[in-house]
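Chain by chain, the residues:
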Amino acid sequence: MADMKTAAYICKGCELGNRLDAASLVKVATKEGKMNLVREHDFLCSAEGVAMIQNDIDNEGVTHAAICACSRRAKTEAFNFPTTAISRANLREGVIWVRPDTDEARETTQEMAEDYVRMACAEVKAMTQPKGNPNTGGVKTLLVVGGGISGMTAAREASKAGYKVVLVEKTGALGGWTAKLHKRIPTREPFKAPEDNGIADLVAQIEADANIKVYLNATVAKTAGAPGRFKVEIAIESGPTATEDIGAIVQASGFELYDMNKLPHLGGGQAHVVDQAGLEALAKAANGGPIKRADGKEVKSVVFVQCAGQRDTTGEHLQYCSGHCCNTSIKQAMYFKDSNPDIDTVVLFTDLRTPGNGEDFYRSAQNKGVIFSKGVVSKVESSGDGCKVKFKDLILNEETETDADLVVLATGMVPTSGPDLDALAEANRAAEGGDEGAKQQVVQMMSTSVLNLNYRQGPDIPQFKHGFNDSHFICFPYETRRTAIYAAGPVRRPMDTVQAIEDATGAAMKAIQAMENAGLGKAAHPRAGDLSFPTARLEGCTQCKRCTVECPFGAIDEDEKRFPLFNESRCRRCGTCMGACPVRVISFENYSVNTVGAQIKAVDIPDEFSEKPRVLILACENDAYPALDMAGMNRHEYDPFVRVIPVRCLGSVNTIWITDALNSGYDGVMLMGCKHGEEYQCHFVKGSELGRYRMSKVYDTLKGMNLEEERLMDLEVAITDIETLPQKINDYAAKIVEMGMSPFKGL
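This structure is a prediction, so every number in the text was calculated from the model and none was measured.

### A look at the overall build of the chain
Stage number 1. For the chain, the count of helices and strands is 21 helices and 29 strands.
Stage number 2. Expressed as lengths along the three principal axes of its C-alpha atoms, the size of the chain is roughly 95 × 65 × 60 Å.
Stage number 3. Buried residues in the chain amount to 57% of all 747 residues.
Stage number 4. The contacts in the chain between residues at least 6 apart in sequence include a share of 70% that link residues at least 24 apart.
Stage number 5. Just so you have it, the chain exposes about 30400 Å², and 48% of that area is on carbon and sulfur atoms.
Stage number 6. Of the side chains in the chain, 84 bear a positive and 100 a negative charge, and the two mean positions are spaced by 3 Å.

### Things to note about the packing of helix H5 (residues 149–160) against helix H13 (residues 497–519)
Stage number 1. Orientation of H5 relative to H13, taken along the N-to-C sense of each, is 45°, at an axis distance of 8 Å. Here H5 is positioned oblique relative to H13, judged by the angle of their axes. H13 is crossed by H5, and the crossing has right-handed handedness. Contact residues: H5 offers Ile149, Ser150, Thr153, Ala154, Glu157 and Ala158, while H13 offers Thr497, Ala500, Ile501, Ala504, Thr505, Ala508, Met509 and Ile512.
Stage number 2. Within the contact of H5 with H13, the residues separate by chemical class into nine nonpolar, four polar and one charged.

### Observations concerning unusual backbone geometry
Stage number 1. In this chain, Glu189 is followed by Pro190 through a cis amide linkage whose omega measures 10°.
Stage number 2. As for its position among the elements, Pro190 is in the loop between helix H6 (176–179) and helix H7 (199–208).
Stage number 3. The amide bond that connects His525 to the next residue, Pro526, takes the cis arrangement and shows omega of -5°.
Stage number 4. Checked against the element boundaries, Pro526 lands in the loop between H13 and strand E22 (535–536).
Stage number 5. For Gln543, which is not a glycine, the phi torsion comes out positive at approximately 60°.
Stage number 6. Its location among the elements puts Gln543 in the loop between E22 and helix H14 (546–550).
Stage number 7. Classification of Gln543 as partly exposed rests on a relative accessible area of 34%.
Stage number 8. One non-glycine residue, Arg562, adopts positive backbone phi at about 70°.
Stage number 9. Considering the arrangement of structural elements, one finds Arg562 in the loop between strand E23 (556–558) and strand E24 (564–566).
Stage number 10. Classification of Arg562 by relative accessible area gives exposed; the value is 52%.

### Examining the sheet that holds strand E1 (residues 6–11)
Stage number 1. Across the sheet, which stays open at both edges, the four strands sit in the order E2-E1-E3-E4 with parallel pairing between neighbours. The open sheet is flanked by strand E2 (37–41) and strand E4 (85–90), the only strands paired with a single partner. Neighbour-to-neighbour, the strand axes of the sheet open up by a mean angle of 15°, direction not taken into account.
Stage number 2. Direction of pairing for E1 relative to E2: parallel, over a ladder of five bridges. Its bridge partner being in E2, Cys11 is matched across the sheet by His41.

### Some words on the pattern of salt bridges
Stage number 1. Applying the stated criterion across every chain yields a total of 51 salt bridges.
Stage number 2. For Lys390, the salt bridge identified is with Glu381, shortest N-O distance 3.4 Å.
Stage number 3. One network of salt bridges, in which partners are shared, links Glu32, Glu107, Glu111, Glu114, Asp115, Arg118, Lys612, Arg614 and Arg643.

### Examining the nonpolar core
Stage number 1. Counting 116 residues, the largest nonpolar core has Leu91, Leu618, Trp657, Ile658 and Met672 as the members making the most contacts within it.
Stage number 2. Broken down by element, this core gets its largest block of residues, nine residues, from helix H4 (residues 103–125).

### So, the sheet that holds strand E8 (residues 218–224)
Two strands in a sheet stick together by hydrogen bonds in their backbones, pointing the same way (parallel) or opposite ways (antiparallel).
Stage number 1. Spatial strand order, E8-E9-E10: three strands in an open sheet with antiparallel pairing. Strands at the two margins of the open sheet, each flanked by one partner only, are E8 and strand E10 (242–246). Across the sheet, the mean angle separating the axes of adjacent strands is 30° when strand polarity is ignored.
Stage number 2. Pairing of strand E9 (residues 230–236) with E10 involves five bridges; the strand directions are antiparallel. Bridge pairing links Lys231 to Asp245 in E10.

### Notes on the pairing of strand E11 (residues 248–251)
Stage number 1. Of the two faces of E11, the one holding Ala248 and Val250 and the one holding Ile249 and Gln251 are both buried throughout.
Stage number 2. Where strand E5 (residues 141–145) meets E11, four bridges bridge the pair, whose relative direction is parallel. Bridging across to E11, Val144 finds its partner in Val250.
Stage number 3. Pairing geometry for E11 and strand E21 (residues 485–487), over three bridges, is parallel. Note on E21: the bridge partner recorded for Gln251 is Ala487.

Calculation notes
- Residues numbered from 1 in each chain as written.
- Predicted model: local features only at pLDDT ≥ 70, side-chain atom pairs only at ≥ 80, totals over all residues.
- Heavy atoms only, no water.
- Helix = DSSP H or I, 4+ residues; strand = E, 2+ residues; numbered from the N terminus.
- Buried < 20%, exposed > 50% of the residue type's maximum accessible area, 1.4 Å probe, protein only.
- Contact = heavy atoms within 4.5 Å.
- Areas by Shrake-Rupley, 256 points an atom, 1.4 Å probe, with all protein chains shown as cover.
- Lys, Arg positive; Asp, Glu negative; His and termini not counted.
- Charge placed at Lys NZ, Arg CZ, Asp CG, Glu CD.
- Axes fitted to C-alpha atoms, helices over the stretch in contact; angles between N-to-C directions.
- Parallel < 35°, antiparallel > 145°, perpendicular 65-115°, else oblique.
- Left-handed = near helix turned anticlockwise from the far one by under 90°.
- Nonpolar A, V, L, I, M, F, W, Y, C, P; charged D, E, K, R; others polar.
- Pairing = 2+ DSSP bridges.
- Salt bridge = Lys/Arg side-chain N within 4 Å of Asp/Glu carboxyl O.
- Core = buried A, V, L, I, M, F, W, Y, C linked by side-chain atoms within 4.5 Å.

Right, here's the structure in full:
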């Protein structure tokens, strides 16, 4: 680039000047880094230091700057120069804080620092400052699918923040399951009694809100486009199809109760056995008076059976706990006791779980005379004018039974999340092969679609285990694999009303963030605000489709010539496409095969006689790199012969980096990525899994190079591995020494 002007800035603050030879670092940046301008400063992040850099940008024409100071995760506001390409050499957390302050360690500590300066200089010269996505969408209207308490809360919170909302509800009235409740679990101290369900007030707020347009008896017929520019077709019963311009989407499609007819051994299907929704209907009909069965008989004895078809280890029924059921049964038991304290009210449970209110609500029920008994029900059968409940008393360890006029089954939540995309893809393949049954199955599955996405990956959000919308609720709640489409409420995980309200509020805020970022040409979670996006040199593309297939977020389609077509607004900037490309034609302006490759080549590789090995660490920037930083903050030492390069995701790692490193004399390579699988912690969902799959192929390459397989190590790292990670690095470095130096040194 003809008009590129480079600069390197060496910081001497935070003990860097005392622990390192700054003059030597300046020399490295000047002579080896070949930077046009090199300066040192006592405190680079101070107002004076930042002003010095800004002055060079404004008056010296600096376009590319290597800041050699602290971690790229630190001082991001101070070192924010929007017009300038910036790289960071981590001399503080990555060098002096992980090395002992002794004369013996000074030489290797200095070598580490000099390598990181070389790497930062090489990286920044391979970068271009991103200008942002030109294909932006400026629509700021939120679509909420589902008119229950989750959906209405999301709509109201977005409206209160000043955004327009389109609310689509498939039935003829707002309210969802909560509207069917006689009362709801208490939401505030003292957690003594059930309270009003609150739906009438919320519906009135929705109807009076000029920012919210409501479609009743309506479904989403088609969703196309991208964040900030979705086109959504809404099918209205007995009316024309409406089209809305949408910026982001919250799916709050709720749940259904598990079918109690699948539980005949617990009385499912019998006249005097109801589920919790059935009991709510009876209670609403009674309106505070004596609760009567469907046949009109007043209930004098009732048994609540917890975990009915839930927490099932056989796999036949629900394997999970639905969270709200214990509190719901406590509430419903109070319906009976509040109308008549003499009614025999028994709750049979294995574990009593009362989230949100401690044990206050449970104790209040006990005080009202509700009996709680620890037992497992084996059979519910008709007996005279009622039911006989047979169960094992877990306290007395004996089989027993009790009679009841009515039995209530806590059957649990099944999410209304649309078809499972993997099952749908399999059925589609069978249908294409001529299987008539599969064709009918495809039609039936498509009829359950909630969003009807016009995405090559399928019509709905991918599902996590048990059919809930795929959103890792520990690391990043509400997020799904479809950018700017968020899940809220029981469609995401089992929860009660209070949790659903909180969930919907969070999802609405994330959707607003996505709309705003889309309008600015920036990325959404987790690299929120990132202006870069992938581009491809199509003249070198082999049309292998690996990028389109491996993209976790449906951000890559194919054009009419079958070349990859990037949808930048959907892209999360993980780089999985870059790691997948076998011909290395996909890159980002500030993150590419070249930016990482240049860093790998910039490291000084000692000869085979120096007894100073070099180990390359490619560390995920979301978990592994922060863990290394925090290890430094806690002064946990690790081997001076490792060189760390942060990567956006293990999925972005191209195998050429591994082979280049080993060919150039590195003695080993460590890959540090997030946990994958069902309990994944990868911020890009599939990135670490795809990266590990690709890396497994490298072992064949190692054999071809006559290198030991142990020279490549793959490590799952969590952000909390602050104390254990340095030891794992040290153990691996010791293993490399034991194997001996690479035979490729000096070649």
